[in-house]
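Report on the structure
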Amino acid sequence: MATPKALILRAPGTNCDRETAFAFQLAGGQAERVHLNRLLDQPSLAEGFQILCLPGGFSYGDDIAAGRIVGSQIRHHLDEVLREFIAAGKLVLGICNGFQILLKSGILLPDSDDGHPPATLAWNESQRFVDRWVHLKTFGEKCVFLKDVDKMYLPVAHAEGRFVARDAATLKTLEADGQLALRYTDAAGGEAAFPDCPNGAQLGVAGACDSTGRVFGLMPHPERHLDPTHHPRWTRGEAGEVGDGLKIFQNAVQFFA
Ligand SMILES: NC(=O)CC[C@H](N)C(=O)O
């Protein structure tokens, strides 16, 4: 098929949309940055795209809670459009603020029977914004964005990144279903405590996918590690051939090959 096209949905306060568009282009895809108001005005725009990406940033100033306002806009005005998008076999990726939006909107994990999200991203345990590089490990085979990825080294930068499920049973179900696909580790690949786990997330969850594996959200920023020279210690020879984050975008583009 023709080169897949990614819709990079931006809102007031989004600040990673250009880098994210660049990442999709570097991975061999096409990308267009579209303002939320444009999509609200003309929801059928989404039909021309194969990938929808919610990039990082501080949409609406993180007011009320990070991702809540765009999440509500989606819930009330774009829910059907996104459900159809996903049902058509297309891909949705949420990075950092995008992950917050995907959980708050109910798009990544459907609401529980009482109408509340089964999981959220709460304030970091430290109650502070944390900005550092983290080690990550993948779990299971479900998530198409993580195909052939075992470990990654990526930066995080967030204040509201602590993944919490609403109860122990929900957490267990998500884990058993392979949806808790990306977790923080320490440098040796073992269980992460602060600061290796930057936020106190349950089970060290850094990213989660829906039951199809085609909707994925993660707190770390893959678009900030595309090139080896993005690695903080590349001059000491610690970087790989390509940046670890590139594979996520390549997997998305190649999904449509
Ligand atoms: N880097 C980002 O996307 C920022 C995430 C979010 N606004 C937070 O601080 O929690």
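Within each chain, residues carry numbers counting from 1 in the order of the written sequence. With the structure being a predicted model, the display of local features is reserved for residues of pLDDT at least 70 and the display and counting of side-chain atom pairs for 80 or more, all residues being used for whole-chain, interface and lining totals.

What the protein contains, in helices and strands, is six helices and 11 strands. The reference for a compact globule is 2.2 Å times residues^0.38; the radius of gyration itself is calculated from the C-alpha atoms. Against the 2.2 N^0.38 benchmark of 18 Å for 257 residues, the protein shows a C-alpha radius of gyration of 17 Å, consistent with a compact globule. With the C-alpha coordinates of the protein rotated into their principal frame, the extents come out at 50 × 40 × 35 Å. Exposure criterion: with C-beta atoms placed from backbone coordinates, a residue whose C-beta has 20 or more other C-beta atoms within 10 Å is buried, one with 12 or fewer is exposed, and one in between is partly exposed. In the protein, buried positions account for 49% of the 257 residues. Long-range pairs, those at least 24 residues apart, make up 73% of the contacts in the protein with a sequence separation of at least 6. A run of DSSP states H or I qualifies as a helix once it reaches four residues; a run of E qualifies as a strand once it reaches two. Both are numbered from the N-terminal end. By the convention adopted here, residues make contact when the C-beta atoms placed from their backbones lie within 7 Å.

Convention adopted: a line fitted to C-alpha atoms gives each axis, helices being fitted over their contacting stretch, and angles between N-to-C directions are expressed from 0 to 180 degrees. Where helix H1 (residues 17–26) meets helix H6 (residues 246–254), the axes come as close as 8 Å, and the angle between the chain directions of the two elements is 60 degrees. As the angle between them shows, H1 and H6 are arranged oblique. The element H1 and its partner H6 pack so that their crossing is right-handed. Facing H1, whose interface residues are Ala23, Phe24 and Leu26, H6 presents Leu246, Phe249 and Val253. Roughly parallel here means an angle under 35 degrees, roughly antiparallel means over 145, roughly perpendicular means 65 to 115, and every remaining angle is called oblique. With the far helix as reference, a near helix turned anticlockwise by less than a right angle produces a left-handed crossing, and one turned clockwise produces a right-handed crossing.

Glancing now at the pairing of strand E1 (residues 5–10). Of all the six residues making up E1, five are buried; the element is thus mostly covered by neighbouring parts of the structure. Handedness of the crossover is the feature at issue here: the chain leaves E1, passes through H1, returns alongside strand E2 (residues 30–35), and the resulting connection is right-handed. The handedness of a crossover follows from its direction of travel: if, with the strands pointing away from the viewer, the path from the first strand over the helix to the second runs clockwise, the crossover is right-handed.

With that settled, consider the sheet that holds strand E11 (residues 215–218). Across a sheet, strands are paired by hydrogen bonds formed along the backbone, either parallel or antiparallel in direction. DSSP calls a pair of strands paired once it identifies at least 2 bridges connecting them. Taken together, the nine strands give an open sheet; going across it, the order is E2-E1-E3-E4-E11-E10-E9-E6-E7, and neighbouring strands pair in mixed fashion. Two strands close off the open sheet at either side, each with one partner strand: E2 and strand E7 (151–158). In this sheet, neighbouring strand axes are inclined to one another by 25 degrees on average, regardless of whether the strands run parallel or antiparallel. Direction of pairing for strand E3 (residues 51–54) relative to strand E4 (residues 91–95): parallel, over a ladder of four bridges. Directly across from Cys53, in E4, lies its bridge partner Leu93.

You can read pLDDT as the predictor saying how much it trusts each residue, on a scale of 0 to 100. Here the protein averages 97 in pLDDT, while 100% of its residues score no lower than 70. Model confidence for the complex is summarised by a pTM of 0.98, with the ipTM given as 0.95.

Locating Gly178 in the fold gives a position in the loop between helix H5 (168–176) and strand E9 (182–185). It is 6.9 Å that separates the C-alpha atoms of Gly178 and Phe139, two residues lying 39 residues apart in sequence.

On to the environment of Val81, then. If you trace the backbone, Val81 turns up in helix H3 (residues 68–87). With 36 residues separating them in the primary sequence, Val81 and Leu45 have C-alpha atoms 9.8 Å apart.

On to H6. Given 3.6 residues per helical turn, the α-helix brings residues three or four places apart onto the same face. The buried fraction of H6 amounts to eight of the nine residues, a majority that puts the element mostly inside the structure. Where H6 is concerned, the buried positions are Leu246, Lys247, Ile248, Phe249, Gln250, Asn251, Ala252 and Val253. Buried-residue contacts for H6 involve H1, E3 and E4.

With that out of the way, let us pick up the nonpolar core. The nonpolar side chains of a soluble globular protein tend to be buried, and buried together. Note on definitions: a nonpolar core is a set of buried residues drawn from Ala, Val, Leu, Ile, Met, Phe, Trp, Tyr and Cys, linked by C-beta atoms within 7 Å. Residues Cys53 and Leu93 are the most contacted members of the largest nonpolar core, which totals 72 residues. The contacts of Cys53, once residues within four sequence positions are left out, are Ala6, Leu7, Ile8, Leu9, Thr20, Leu93 and Gly98.

Along H1, the residues classified as buried are Asp17, Thr20, Ala21, Ala23 and Phe24. Within H1, the buried residues cover an arc of 155 degrees as seen down the axis, which keeps them to one side. For H1, the elements touching its buried residues are E1, E2, E3, E4 and H6. Where H1 ends, the next residue or the one after it, Gly28, has phi of about 100 degrees, a positive value. Note that the arc is computed from the directions linking the helix axis to the C-beta atoms.

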